[in-house]
Amino acid sequence: MSHLPVLVVVVPIAGGFLISLVDLILPSVKKAAVLAVALSHGCVLVLAAFAALSYPPLMYVPGSWLPPVGIALRVDSFSALFLILLAVGHCGSVLFRLGSEGSRQWEGKTAALTALLFGALAGVVVTADLFNLFVFVELATVCTVGLISRKQRPDSSVAGFVYLMIAAVSGALLLFAVLLIYSATGTVSMSLVAERIHEVPAALHGVILGALVVSFGIKFGMVPFHVWQPRAYHAAGTTTAGVLSGFGMKVYLYALFRLLWGPLQAPLLLPEIFPVLQVLAMVTILVGHLMALLENNLIRMLALSSVAHGGYILLGLAAAGDVGADAAVAAALFHIAAHALMKSSLLWSAHHAISLARSSRIVDHHGVAREMPVVMAAFMVAALAIAGIPPTGGFFSKWLVALAQGSLLPVLVIALGTVISMGYYARYFVVVMAKRPPEPLRQVRSRSILSTAVVVVFAGVVAAAGVAQGPLQSLFVVMAGSLTGSGGLP
Amino acid sequence: MQNAAFVAAALVFAIGLHGMLTRRNMIRICISISVMESSLVMALVAVAYVPGGSAPIVSDGQTMFVDPLPHALALTAIVIGAGILAIALALTVAMYRHYGTTDVLAVFGKTREGQ
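Residues numbered from 1 in each chain as written. Chains lettered and ligands numbered in written order. Predicted model: local features only at pLDDT ≥ 70, side-chain atom pairs only at ≥ 80, totals over all residues. Heavy atoms only, no water.

Enquirer: Would you mind going over the overall build of chain B with me for this structure?
Expert: Of the regular secondary structure elements, chain B holds four helices and zero strands. Going from the N terminus to the C terminus, chain B shows its helices and strands as α-α-α-α. Relative to the globule expectation of 13 Å for 115 residues, the C-alpha radius of gyration of chain B, 20 Å, shows a markedly less compact shape. In terms of its C-alpha atoms, chain B occupies a principal-axis envelope of roughly 70 × 25 × 20 Å. In chain B, 50% of the contacts between residues at least 6 apart in sequence involve partners at least 24 apart. Surface exposure of chain B reaches about 6600 Å², of which carbon and sulfur atoms provide 67%. Looking at charge distribution, chain B has the averaged site of its 6 positive side-chain charges lying 22 Å from that of its 5 negative ones. (Helix = DSSP H or I, 4+ residues; strand = E, 2+ residues; numbered from the N terminus. Rg over C-alpha atoms; globule rule 2.2 N^0.38 Å. Contact = heavy atoms within 4.5 Å. Areas by Shrake-Rupley, 256 points an atom, 1.4 Å probe, with all protein chains shown as cover. Lys, Arg positive; Asp, Glu negative; His and termini not counted. Charge placed at Lys NZ, Arg CZ, Asp CG, Glu CD.)

Enquirer: Is there a simple way to think about the pattern of salt bridges in this case?
Expert: If the charged atoms of two oppositely charged side chains come close together, the side chains can form a pair. Residue and element names in this part refer to chain A. A full pass over the atoms with the stated rule returns five salt bridges over all chains. When the shortest N-O distance is used, the salt bridge between Asp23 and Lys30 registers 3.6 Å. A residue is classified by how much of its surface remains accessible, and Asp23, at 25% relative accessible area, is partly exposed. Take Lys30: its relative accessible area is 15%, and that puts it in the buried class. Among the salt bridges present, the one from Asp76 reaches Arg258, with a minimum N-O distance of 2.9 Å. With Asp76 in the loop between strand S2 (73-75) and helix H3 (77-99) and Arg258 in helix H10 (residues 238-261), this residue pair connects regions lying 182 residues apart in the sequence. Like Asp76, the residue Arg258 is buried in the burial classification. If you follow the salt bridges from partner to partner, you end up with Arg74, Asp76 and Arg258 in one network. (Salt bridge = Lys/Arg side-chain N within 4 Å of Asp/Glu carboxyl O. Buried < 20%, exposed > 50% of the residue type's maximum accessible area, 1.4 Å probe, protein only.)

Enquirer: Honestly, a nonpolar patch on the surface in this entry has me stumped. Any pointers?
Expert: Taken together, Leu21, Leu24, Ile25, Leu26 and Val29 of chain A make up a surface patch of nonpolar side chains, about 520 Å² in accessible area. Within the fold, Leu24 of chain A resides in helix H1 (residues 4-25). (Patch = residues over 30% accessible without salt bridge, like charges linked within 9 Å, V, L, I, M, F, W, Y side chains within 5 Å.)

Enquirer: Honestly, helix H5 (residues 130-149) of chain A in this entry has me stumped. Any pointers?
Expert: One turn of the α-helix equals 3.6 residues, which is why residues spaced by three or four share an orientation. Compared with the 28 Å implied by 1.5 Å per residue over 20 residues, the 29 Å span of H5 of chain A between its first and last C-alpha is a close match. The buried fraction of H5 of chain A is high, at 17 of 20 residues. (Expected span 1.5 Å × (residues − 1).)

Enquirer: Is there a simple way to explain the interface of chain B and chain A in this structure?
Expert: Note: interface size is frequently given as the accessible area lost on complex formation between the parts. Contact with chain B, which involves 32 residues of that partner, is made by 29 residues of chain A. A buried area of about 2700 Å², summed over both sides, lies between chain B and chain A, and 86% of it is on carbon and sulfur atoms. The largest per-residue losses of area from chain B upon contact with chain A belong to Leu40, Leu73 and Leu91 of chain B, which jointly make up 20% of the total buried on that side. Here chain B and chain A share one residue pair in polar contact (both at pLDDT 80 or more) between them. Elements that contribute at least two residues to the side of chain B that touches chain A include exactly helix H2 (26-48), helix H3 (69-99) and helix H4 (104-114) of chain B. In terms of residue class, the side of chain B that touches chain A is built from 25 nonpolar, five polar and two charged. (Buried area = accessible area lost by both parts, 1.4 Å probe. Polar contact = N/O pair within 3.5 Å; in protein donor to acceptor, adjacent residues only side chain to side chain. Nonpolar A, V, L, I, M, F, W, Y, C, P; charged D, E, K, R; others polar.)

Enquirer: How should I be thinking about the packing of aromatic side chains in this particular structure?
Expert: The geometry of an aromatic ring pair comes down to the distance between the two centres and the angle between the two planes. What the rule picks out here adds up to 15 aromatic pairs over all chains. Site record: aromatic cluster; members linked through ring pairs are Phe78, Phe82, Tyr254, Phe257, Trp261 and Phe274 of chain A. Positioned over the ring face of Phe108 of chain B is Arg231 of chain A, at 4.7 Å from the centre of the ring. (Phe/Tyr/Trp six-rings, centres within 6.5 Å; stacked < 30°, edge-to-face > 60°. Lys NZ or Arg CZ within 6 Å of the ring centre and 35° of its normal.)

Enquirer: Quick question: what am I supposed to make of the packing of helix H6 (residues 154-185) of chain A against H3 of chain B here?
Expert: Put simply, H6 of chain A and H3 of chain B touch, their axes get as near as 9 Å, and they point 165° apart. Judged on the interaxial angle alone, H3 of chain B and H6 of chain A are roughly antiparallel. By crossing handedness, the relation of H6 of chain A to H3 of chain B is classed as left-handed. Here the contact of H6 of chain A with H3 of chain B is composed, by residue class, of 19 nonpolar, four polar and one charged. (Axes fitted to C-alpha atoms, helices over the stretch in contact; angles between N-to-C directions. Parallel < 35°, antiparallel > 145°, perpendicular 65-115°, else oblique. Left-handed = near helix turned anticlockwise from the far one by under 90°.)

Enquirer: Can you walk me through the nonpolar core in this structure?
Expert: Within soluble globular proteins, side chains that are nonpolar tend to cluster in buried spots. Counting 204 residues, the largest nonpolar core has Phe216, Phe257 and Leu333 of chain A as its most contacted members. If near-sequence neighbours (up to four positions away) are discounted, Phe216 of chain A is found in contact with Leu133, Val137, Leu174, Tyr252, Ala255, Leu256 and Leu259 of chain A. (Core = buried A, V, L, I, M, F, W, Y, C linked by side-chain atoms within 4.5 Å.)

Enquirer: Can you help me understand helix H8 (residues 202-220) of chain A in this one?
Expert: Residues and elements named next belong to chain A. For H8, with 19 residues, the first-to-last C-alpha span of 26 Å sits near the 27 Å given by 1.5 Å per residue. Residues of H8 that are buried include every one of His205, Ile208, Leu209, Ala211, Leu212, Val213, Ser215, Phe216, Gly217, Ile218, Lys219 and Phe220, and no others. Phi turns positive one or two residues past the end of H8, at Gly221, with a value near 85°.

Enquirer: What's the story with unusual backbone geometry in this structure? I'm lost.
Expert: The bulk of non-glycine residues show a negative phi, and the bulk of peptide bonds are trans. Residue and element names in this part refer to chain A. The amide bond that connects Val223 to the next residue, Pro224, takes the cis arrangement and shows omega of 10°. Structurally, Pro224 can be placed in the loop between H8 and helix H9 (228-236). Looking along the chain, the bond that leaves Pro390 and enters Pro391 is cis, with omega of 5°. Looking at where Pro391 falls in the secondary structure, it is placed in the loop between helix H16 (373-387) and helix H17 (393-403). A positive phi angle is found at Ser64, which is not glycine, with a value near 60°. Within the secondary structure, Ser64 is located in the loop between strand S1 (58-60) and S2. Owing to a relative accessible area of 65%, Ser64 belongs among the exposed residues under this scheme. Backbone geometry at Arg358 places phi at a positive 60°, although glycine is not the residue there. Following the sequence through the fold, Arg358 ends up in the loop between helix H14 (326-357) and helix H15 (368-371). A relative accessible area of 66% means that Arg358 is categorised as exposed.

Keep in mind these values describe shape, not function.
Below is the structure:
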């Protein structure tokens with residue numbers, strides 16, 4: 001039990017190399033190996049999360065070398081949510097991929113890269129050291145590039161190149177921030193930085209914060225650094241896009257939360273950053289939704305919707321600038337969890353629609369709902385939730401983010417974003433519900449119960465989350481208290 | 001001495017950034033990114049410098065040591081940078097094989113036509 005914080009990283013990384021080896025020497029058992037790695041990683045993540053939900057947090061110091069000489073891994077109630085999301089994402093994506101149409105051609109490389117990506121993301125969540133954070137973020141970048149460009153199509157290479165260039169800038173900014181923190185405090189241990197950061201001049205503190213916000217803003221698609229996202233998700237395909245949007249993006253937001261409240265002590269020492277973040281969040285929401293409204297390609301539309309929802313989460317973060325603002329952080333956490341399930345359900349349902357229509361253009365999806373009613377019903381439930389229709393979990397998460405705002409303008413932006421998103425989802429519904437397809441649809445060869453079950457369960461959980469929003473909100477407040485230091489107490 | 005190293009690192013970073021923003025050739029863009037990363041490694045080495053400090057190996061009479069942590073960070077950054085450069089160049093080769101050019105704007109134009 002005491003080794004759980006390190007196992008959440010070691011299991012998928014070792015598993016990724018094991019999958020590659022099995023793919024080379026014993027391809028007949030490849031699927032079993034992939035499933036075993038995903039399930040074992042899921043179990044370790046859930047065990048670590050539940051252990052962390054009990055106070056005090058889990059600490060792990062490899063080799064018993066305490067910081068600043070050694071490194072530390074830390075799992076607390078706040079990180080527990082993200083570990084659970086990673087468990088759901090890893091197991092869900094593997095089950096979906098095993099059950100979906102393209103599983104016959106499923107390459108071992110994709111499975112290995114997926115395992116390595118989830119290992120890197122788990123590393124970002126558990127690390128208590130800025131050096132390690134940089135390493136895990138870069139490992140996640142390399143895996144993401146591999147997943148985006150693995151299809152060996154020309155546009156995949158272009159999307160991979162664009163992502164790599166912009167991620168290299170993000171990595172350079174992160175390294176720059178770590179360098180400044182080290183030069184100012186003499187350590188890269190998050191807990192020791194938090195103790196010494198008050199000695200850093202405000203101007204330098206601001207530069208560090210700015211570099212980190214831009215670095216992670218690039219990663220989660222904050223406007224104006226979102227340009228890579230539609231191209232990358234389109235090239236990566238719906239299954240990988242579901243992983244990147246549903247789960248990868250959330251971990252970068254987690255890192256921003258953790259750094260602002262942990263080592264940088266932003267609410268206490270530099271509260272001026274939060275109004276700036278609020279403006280960026282509102283711009284991100286509006287630009288993301290408006291671009292999605294103008295988009296004619298389903299995957300790009302969903303990618304731009306993810307940009308907008310990154311804005312909602314950032315708005316929750318910005319509202320939590322007041323010391324001890326647990327309600328705002330809890331609202332952001334609620335939206336993180338809801339969006340992870342909603343967006344992966346949408347993208348994975350879209351996978352079936354796209355394989356049926358042989359196109360990701362919305363106009364080619366006429367009559368799709370009549371061919372696959374269950375999958376499209378799941379899509380519609382997830383779309384209603386993501387648009388913010390009551391009583392779904394998506395409605396309550398947006399509602400709580402709106403309640404946490406201290407002024408009217410962000411609330412109006414949330415409302416306007418909701419109206420715009422209802423517009424583009426309604427447009428898609430009209431197309432898929434059309435009576436007569438303009439051209440014959442492809443006969444789907446194998447749409448297994450497994451892949452359908454994954455999207456139905458995810459959409460169902462989001463819908464049911466609205467009913468259980470009271471207990472969920474209480475749980476998220478406790479998790480938020482672990483970040484802000486209040487322990488979830490009022 | 002340390003300030004001069006920081007100024008040099010800032011200059012190298014600016015050169016890399018300028019190249020990344022103004023060049024259209026993908027190989028030159030890759031090189032510019034690599035130059036930017038190298039400037040950060042220079043800065044890390046400068047941060048680690050301790051006047052009169054010895055190598056961090058405990059021995060009699062030595063009281064002032066150079067902190068090895070920035071060196072470890074620099075080595076890691078070099079390895080990661082090399083890996084990213086290799087992937088970027090491999091993607092450039094893949095795009096050149098298909099589009100017959102390394103001009104990034106020409107490639108973007110052709111992908112737009114293909115959609």
